[in-house]
Amino acid sequence: MRTLTTDVLVIGGGATGAGALRDLSLRGIRSALVEKGDLTHGTTGRYHGLLHSGGRYVVKDPQSAEECARENEILRKIMPHCIEETGGLFVVTPADDESYAERFIAACRRTGVWVEEIPVREALRREPLLNPRIQRAFAVRDGAADSFLATHANADDARRHGAQVMTYHRVTRLERVGDRIVGALCEDLRSGETVRIHAGFIINATGAWAGKIAAMAGLRINVVPGKGTMIAMNHRIVNTVVNRCKMPSDGDIIVPIHTVAVLGTTDIPVPDPDVYDITPEEVRLILEEGECLIPGVSRMRALRAWAGVRPLYKDQDAGNDRDIPRTYKLLDHETRDGVSGMVSIVGGKWTTYRLMAEHTVNLVAQRLGVTTPCRTADLTIEPSHDGAAAAPRAPARSQFAILASPFYMLGHRLAEVEADDSYGDLICECELVTRAHLEAAIRSDGTANLDDLRRDTRLGMGPCQGGFCTYRAAAIWHELRDGATHTVGAPPATALLRHFLQERWKGVTPTLWGDQLRQERLDELNYLETLAVDRLPEATLDAIEQPRDVVIEEVV
Ligand SMILES: Cc1cc2nc3c(=O)[nH]c(=O)nc-3n(C[C@H](O)[C@H](O)[C@H](O)COP(=O)(O)OP(=O)(O)OC[C@H]3O[C@@H](n4cnc5c(N)ncnc54)[C@H](O)[C@@H]3O)c2cc1C
């Protein structure tokens, strides 16, 4: 058994955990993070991608709206390369209650959420596919955020300041001596080895899983995992985030993310964050509601559906699950339960992750007697991990105006590929992933499978959903990894290929009609008839991300 000692152990490699790790390391506190999958393996990698202006919550949840509005400005400043400056619209469609608009504006003023009414014709000029029957339109400071990039950026910055990041390490037990938690036992999912981590303090940043971790120390946290399903359309049907101007509910928002647009979402309580399904009713509902914003959207090409689970914290006395506030809650187990050595941070939004981390680390620092203040709101995070791409090259930057923006701009990959004449090295044509991107990601620390490569580079996330890039990526993986001494025991490329195709298939299944069905049939013919993937030798998948038990009830 390996043993490790640290001042603070962070459990959970999502936005909150990585944010806390960066904050700790900037204050000079020795820290380590363990994550049972890849970074962003949990909700952070399965969210909608909206940098909230706060507009969605101004009426229903003003505290959350204020937090989002403040953090929105901070995140634009500290990590512009992870954010696309799309802007946002709240529009009143014929199906919406007109009186909500006045409440919305008044609540924006009260909560400090920037808003400006614009003429409907201007909204239609900006977004030509928008419902021409909308009655009013309000511009807000919504944006699109890349949580994969942002989480890696936080973790990399923490590493640069001395922190340790251990992915594929699952906490299996908390060690408690009397009324104090003193460490954790983890299983290294790649080697099977047990690792004992002695820690002066533990931050439970496991989101929807926080209750499971707390239970390991005999503590109770009432997390109600709220499942939300989203659908990716095959291109950017909008370039602005478009919201319905109404109380937040199912299917009322479209977010442009990189090359696609994401329709969402639902909110359904599930008993376990690891077991949930995507029902045909949800898919139907999201598309039907989408029609109010973009007429004809339900007949456009949908690529895939996927779901994530909100880490909603329910106070013992809270009523209906739907009314659980979207703000976050820091649980100090010493004052709450009489058990010292651990705090839990639950709830909140991706947009408020930095604030949640600051609040948490303030408490931990105080307990450890560290007085260095938080600096995460001021220090810019260096863009060290741009989807595993090298930092943007100077010649490309000077040649293409698009690359001059401090914010992420769609088109930068195309500009770079064209600048380098590297068309021949494209591995994933949909997302313009080059061989160089892939090689860098395969060589980077902690990458264990092709799904990790997807999170790093967007491999397989475009219209063909891995149809043409998966076998190329598997071949490069084989060249670089298989047989190398440092990966002995890891699954071979053939096993990873099958696993990746299976994961893509799960998401495509609920959207199998029209062009996507034709695409999937072509992919199937390629892989089963031409490449005979189903006859590849069986191999152990132990070190591959444990698949979530997503059940698709029936094909729509
Ligand atoms: C459908 C949906 C849409 C959303 N849309 C938005 C949006 O548009 N904008 C926004 O701001 N917010 C959005 N959110 C909310 C946001 O995604 C979450 O609040 C945020 O990602 C939570 O991050 P986290 O780090 O707290 O949790 P997570 O990202 O879930 O991280 C927790 C991590 O803990 C790990 N873990 C669990 N158990 C263990 C263990 N035993 N050992 C080691 N590791 C463990 C998990 O694998 C996981 O990676 C959305 C949420 C959902 C569900």
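The protein chain is annotated in an unreviewed UniProt entry as glycerol-3-phosphate dehydrogenase of Roseiflexus castenholzii. In its Subcellular location (unreviewed entry) section, the UniProt record describing the protein chain reads: "Cell membrane". UniProt, in its Sequence similarities (unreviewed entry) section for the protein chain, records the words "Belongs to the FAD-dependent glycerol-3-phosphate dehydrogenase family."

Undergrad: Any chance you could break down the overall build of the protein chain for me, citing the residues and the numbers?
TA: The helix and strand tally for the protein chain stands at 16 helices and 24 strands. Buried positions account for 60% of the 556 residues belonging to the protein chain. Across the protein chain, contacts joining residues at least 24 apart in sequence account for 74% of those joining residues at least 6 apart. Total accessible area computed for the protein chain in this model is approximately 21600 Å², and 52% of it derives from carbon and sulfur atoms. A distance of 2 Å separates the average location of the 65 positive side-chain charges in the protein chain from that of its 77 negative side-chain charges.

Undergrad: Pulling in residues and values, what's your account of the pattern of salt bridges?
TA: Scanning the model with the defined rule gives 45 salt bridges in all. Here R244 and E289 are joined by a salt bridge, their closest N and O atoms 3.0 Å apart. One end of the pair, R244, is in strand β14 (residues 241-244); the other, E289, is in helix α7 (residues 280-293), with 45 residues separating them in the sequence.

Undergrad: Please provide a residue-by-residue account of the domain arrangement of the protein chain, values included.
TA: Note on interface size: it is often stated as the accessible area lost on association of the parts. Here the domain parsing of the protein chain yields domain 1 (2-44 + 148-222 + 317-368), domain 2 (81-142 + 226-303) and domain 3 (421-535). Distance from the C-alpha centre of domain 1 to the C-alpha centre of domain 3: 31 Å. On the domain 3 side, the residues contacting the 9 residues of domain 1 number 8 residues. Interface area for domain 1 against domain 3, summed over the two sides, is near 710 Å², with a carbon-plus-sulfur share of 47%. It is D38, F148 and Y168 in domain 1 that bury the most area against domain 3; as a group they hold 58% of the surface buried on that side. Here domain 1 is connected to domain 3 by 1 salt bridge. The shortest N-O distance in the salt bridge between R455 and D38 comes to 3.0 Å. Counting across the interface, domain 1 meets domain 3 through 4 residue pairs in polar contact (both at pLDDT 80 or more). Here the side of domain 1 that touches domain 3 is composed, by residue class, of 3 nonpolar, 4 polar and 2 charged.

Undergrad: Describe the state of the cysteines, naming the residues involved and giving the relevant values.
TA: In the structure shown here, the tally under the stated rule is 0 disulfides. For C428, which is in no disulfide, the shortest distance to another cysteine sulfur is to C469 and amounts to 4.2 Å.

Undergrad: Before we move on, can you summarise the side chain of T457 with the specific residues and values?
TA: Within the secondary structure, T457 is located in helix α13 (residues 450-457). For T457, a relative accessible area of 0% puts it in the buried group. Separated by 2.8 Å, the side chain of T457 and the backbone oxygen of L453 make a polar contact.

Undergrad: Please provide a residue-by-residue account of the site of the ligand, values included.
TA: Around the ligand sit 36 residues, and of these T16, E35, T44, L50 and T351 come closest. Contact distances for the ligand include 2.9 Å between a nitrogen atom and a backbone N or O atom of V171. Within the complex, 97% of the 1000 Å² of free accessible area of the ligand lies under protein. Of all the secondary structure elements, the ones that give two or more residues to the shell around the ligand are α1 (15-26), β10 (169-177), β13 (223-233) and β19 (302-313). No other element matches β19, which puts 4 residues into the shell around the ligand. Its residues assigned to classes, the shell around the ligand shows 12 nonpolar, 19 polar and 5 charged. When residues of the shell around the ligand are sorted by domain, at least three fall in each of domain 1 (2-44 + 148-222 + 317-368) and domain 2 (81-142 + 226-303).

Undergrad: Tell me about the side chain of E282, and please be specific about residues and values.
TA: Locating E282 in the fold gives a position in helix α7. The class of E282 is buried, set by a relative accessible area of 4%. Excluding residues that lie within four positions of it along the chain, E282 makes contacts with K227, T229, T266, I268 and D277.

Undergrad: Now, about the packing of aromatic side chains: what can you tell me, with residues and values included?
TA: What the rule picks out here adds up to 6 aromatic pairs. Measuring from ring centre to ring centre gives 5.9 Å for Y47 and W350, while their planes differ by 45°; the resulting arrangement is tilted. Of the two residues, Y47 sits in the loop between β2 (31-34) and β3 (50-51) while W350 sits in the loop between β21 (342-347) and α9 (353-368), which places them 303 residues apart along the sequence. A relative accessible area of 9% places W350 in the buried class. Taken together, the ring pairs connect F90, Y100, F104 and F138 into an aromatic cluster. Cation over ring: R481 sits above W477, and NZ or CZ is 4.7 Å from the ring centre.

Undergrad: Tell me what's going on with the pairing of strand β16 (residues 260-264), and back it up with residues and numbers.
TA: Counting buried positions along β16 gives 5 out of 5 residues, so the element sits mostly inside the fold. Neither face of β16 is open: one carries V260, V262 and G264, the other A261 and L263, and all of them are buried. When β13 meets β16, the two strands line up antiparallel, connected through 4 bridges. When the sheet's bridge partners are listed, M230 is paired in β16 with G264.

Analysis parameters
- Residues numbered from 1 in each chain as written.
- Predicted model: local features only at pLDDT ≥ 70, side-chain atom pairs only at ≥ 80, totals over all residues.
- Heavy atoms only, no water.
- UniProt positions renumbered as here; feature names shortened; annotations may be inferred.
- Helix = DSSP H or I, 4+ residues; strand = E, 2+ residues; numbered from the N terminus.
- Buried < 20%, exposed > 50% of the residue type's maximum accessible area, 1.4 Å probe, protein only.
- Contact = heavy atoms within 4.5 Å.
- Areas by Shrake-Rupley, 256 points an atom, 1.4 Å probe, with all protein chains shown as cover.
- Lys, Arg positive; Asp, Glu negative; His and termini not counted.
- Charge placed at Lys NZ, Arg CZ, Asp CG, Glu CD.
- Salt bridge = Lys/Arg side-chain N within 4 Å of Asp/Glu carboxyl O.
- Domains from an automatic or database assignment.
- Buried area = accessible area lost by both parts, 1.4 Å probe.
- Polar contact = N/O pair within 3.5 Å; in protein donor to acceptor, adjacent residues only side chain to side chain.
- Nonpolar A, V, L, I, M, F, W, Y, C, P; charged D, E, K, R; others polar.
- Disulfide = S-S within 2.5 Å.
- Near = heavy atom within 4 Å.
- Phe/Tyr/Trp six-rings, centres within 6.5 Å; stacked < 30°, edge-to-face > 60°.
- Lys NZ or Arg CZ within 6 Å of the ring centre and 35° of its normal.
- Pairing = 2+ DSSP bridges.

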